[in-house]
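Tertiary structure, described
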Amino acid sequence: MKKPKVLITRKIASEAVDLLQQTAEVEVWEEDRPMPRDVFLAKAEEATAILSMLTEKVDEEVLARAKQLRMVANMAVGYDNIDVSACKKRGIIVTNTPDVLTEATADLAFALLLAAARRIPEANRFVLEGKWTSWSPTLLAGQSVYQTTLGIIGMGRIGEAVAMRAKGFAMNILYHNRSRKQEAEEQTGAVWVELDTLLRESDHVVLLTPLTAETRLLMGEREFARMKQTSVFVNVSRGGTVDEQALYRALAEKQIWAAGLDVFQEEPVSPNHPLLQLPNVVALPHIGSATIQARTEMARLAAANIASVLAGGEPLTAL
Ligand code: DGY
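Conventions and cut-offs
- Residues numbered from 1 in each chain as written.
- Predicted model: local features only at pLDDT ≥ 70, side-chain atom pairs only at ≥ 80, totals over all residues.
- Heavy atoms only, no water.
- Near = heavy atom within 4 Å.
- Polar contact = N/O pair within 3.5 Å; in protein donor to acceptor, adjacent residues only side chain to side chain.
- Areas by Shrake-Rupley, 256 points an atom, 1.4 Å probe, with all protein chains shown as cover.
- Nonpolar A, V, L, I, M, F, W, Y, C, P; charged D, E, K, R; others polar.
- Domains from an automatic or database assignment.
- Contact = heavy atoms within 4.5 Å.
- Buried area = accessible area lost by both parts, 1.4 Å probe.
- Helix = DSSP H or I, 4+ residues; strand = E, 2+ residues; numbered from the N terminus.
- Buried < 20%, exposed > 50% of the residue type's maximum accessible area, 1.4 Å probe, protein only.
- 1 Å grid on protein atoms, 1.4 Å probe; cavity = no way out; pocket = protein on both sides within 12 Å on 5 of 7 lines; lining within 4 Å.
- Points joined across faces, edges and corners; volume = space filled by probe spheres on them.
- Salt bridge = Lys/Arg side-chain N within 4 Å of Asp/Glu carboxyl O.
- Pairing = 2+ DSSP bridges.
- Axes fitted to C-alpha atoms, helices over the stretch in contact; angles between N-to-C directions.

Further remarks concern the site of the ligand. Around the ligand lies a shell formed by L54, A76, V77, G78, L101, R238, H286, S289, R295 and M298. H286 has a polar side-chain atom sitting 2.7 Å from an oxygen atom of the ligand. Interatomic distance of 2.5 Å between a side-chain N/O atom of S289 and an oxygen atom of the ligand. Surface burial for the ligand is 90%, taken as the share of its 230 Å² of free accessible area covered by protein chains. Class assignment for the residues of the shell around the ligand results in five nonpolar, three polar and two charged.

Written out as structure tokens, the structure is:
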């Protein structure tokens, strides 16, 4: 019998590839850059399953050509790169990789908060550039994090994990989410509030909501204007949730203190992007889940989803 074909769009942990090779003919895009679109379209035509990254747009154009396709296993918890309803209409299963990246991503959100509040990259550059001539009482003074109020927008698994870290910093926690999270409230003392209240009362704000039609450009001029002048804004969700021009103005005009950004509207972000010219921006290249452990588990889970479906079973983490 002909083996099913699995397309893996980037080099991933070898155990994930090995698992799939037991039952499928596997093709891995080994280059350390995303597949060019035309190559992806051509290879998708042959695929029974695609193990995709967030760099691949799986849309109508792909689906119209991928006649053999039975499933798309996205190696990410976010799936805004996939037209899920178009997949469902065609009976194509879509899976993501929740849970295995929660703690790594929460760590990074907290790292960005601390880095931006305490001006760590700026201080690091200061030392490396030989500017440190003496201790000074005002040198690179930042904002407190301990015992302040943290506002979490988007209280999913990662939001809850950030709240647990905030508890260790004796922070008051406010959150805004479509639904109330009883367990998180009990575990961390987090309090649900309207978005405007969160923006007004939080000392720092972490944005973790997925990118959907409702959350696109959620943070704009109006929202930044409500935040405190001493507040740090952290985005570990998707760049599309933030109006970057409004954020630039808020930072440049000192309406808010600083921003820690792991995601951008266009990725990779250009080094000439206005936001990157500001000293109070800490910018990272979308590495929220980038620990070796989390990325290995994400690859394994994505592969296990495909293996299960190819063996006639249920996907483990279907959307
Ligand atoms: C995700 O999983 O959605 C992250 O953004 C990438 O790890």
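What follows continues from the structure just given.
Another aspect to go through is the domain arrangement of the protein. Segmentation of the protein into domains returns domain 1 (5–98 + 293–310) and domain 2 (102–283). Computed from C-alpha coordinates alone, the two centres of domain 1 and domain 2 are separated by 31 Å. Counting residues at the interface gives six residues for domain 1 and five residues for domain 2. Buried area between domain 1 and domain 2, summed over both chains or domains, comes out near 450 Å², and the portion from carbon and sulfur atoms is 59%.

Of note, E27 is situated in strand β2 (residues 25–28). For E27, a relative accessible area of 36% puts it in the partly exposed group. C-alpha of E27 to C-alpha of A66: the two residues are 39 residues apart in sequence and 15 Å apart in space. If we ignore the near neighbours within four places in the chain, the residues touching E27 are V6, L7, I8 and K43.

In this structure, the second largest pocket occupies an estimated 430 Å³ of space. Forming the walls of the second largest pocket are 16 residues, and the residues nearest its centre are L54, D80, N81, R238 and Q265. A domain split of the lining of the second largest pocket shows at least three residues from each of domain 1 (5–98 + 293–310) and domain 2 (102–283).

Attention shifts here to the pattern of salt bridges. Within the structure shown, the criterion is met by 22 salt bridges. Put simply, E61 and R37 hold a salt bridge, and the shortest N to O gap is 2.9 Å. One end of the pair, E61, is in helix α3 (residues 60–65); the other, R37, is in helix α2 (residues 37–44), with 24 residues separating them in the sequence. For the salt bridge of R157 with D99, the shortest nitrogen-to-oxygen distance reads 2.8 Å. One end of the pair, R157, is in helix α7 (residues 157–168); the other, D99, is in the loop between β5 (93–95) and α5 (102–117), with 58 residues separating them in the sequence. According to the relative accessible area criterion, R157 is partly exposed, its value standing at 47%. What makes D99 partly exposed here is its relative accessible area of 48%. One network of salt bridges, in which partners are shared, links D196, R222, E223 and R226.

Across the sheet, which stays open at both edges, the five strands sit in the order β2-β1-β3-β4-β5 with parallel pairing between neighbours. In the strand order of this sheet, the two ends are held by β2 and β5, each with one partner. Neighbouring strand axes in the sheet, compared pairwise and without regard to direction, differ in orientation by 15 degrees on average. Bridge count for strand β1 (residues 5–8) against strand β3 (residues 49–52) is three bridges, and the pairing is parallel. Among the inter-strand pairings, V6 is bridged to a residue of β3, identified as A49. Contacting β1, β2 and β3, helix α1 (residues 14–21) runs over the sheet at an angle of about 150 degrees to β2.

Attention shifts here to unusual backbone geometry. The amide bond that connects E267 to the next residue, P268, takes the cis arrangement and shows omega of -5 degrees. Among the structural elements, P268 can be located in the loop between β11 (258–261) and β12 (281–283). Even without glycine at this site, K254 takes up a positive phi of about 60 degrees. Inspection of the secondary structure puts K254 in the loop between α11 (244–252) and β11.

Taken together, the seven strands give an open sheet; going across it, the order is β8-β7-β6-β9-β10-β11-β12, and neighbouring strands pair in parallel fashion. The open sheet has two edge strands, β8 (191–192) and β12, and neither has a second partner. The pairing of strand β6 (residues 149–153) with strand β9 (residues 204–207) spans four bridges and is classified as parallel. Residue pairing across strands places I152 opposite V206, the latter belonging to β9.

Any empty space left between atoms is shown by rolling a water-sized probe over those atoms. This structure, assessed with the given rule, holds one cavity of 30 Å³ or more. The calculated volume of the largest cavity comes to roughly 40 Å³. What lines the largest cavity is N235, G239, V242, E244, L247, L261, V263, F264 and L275. Broken down by class, the residue content of the lining of the largest cavity amounts to six nonpolar, two polar and one charged.

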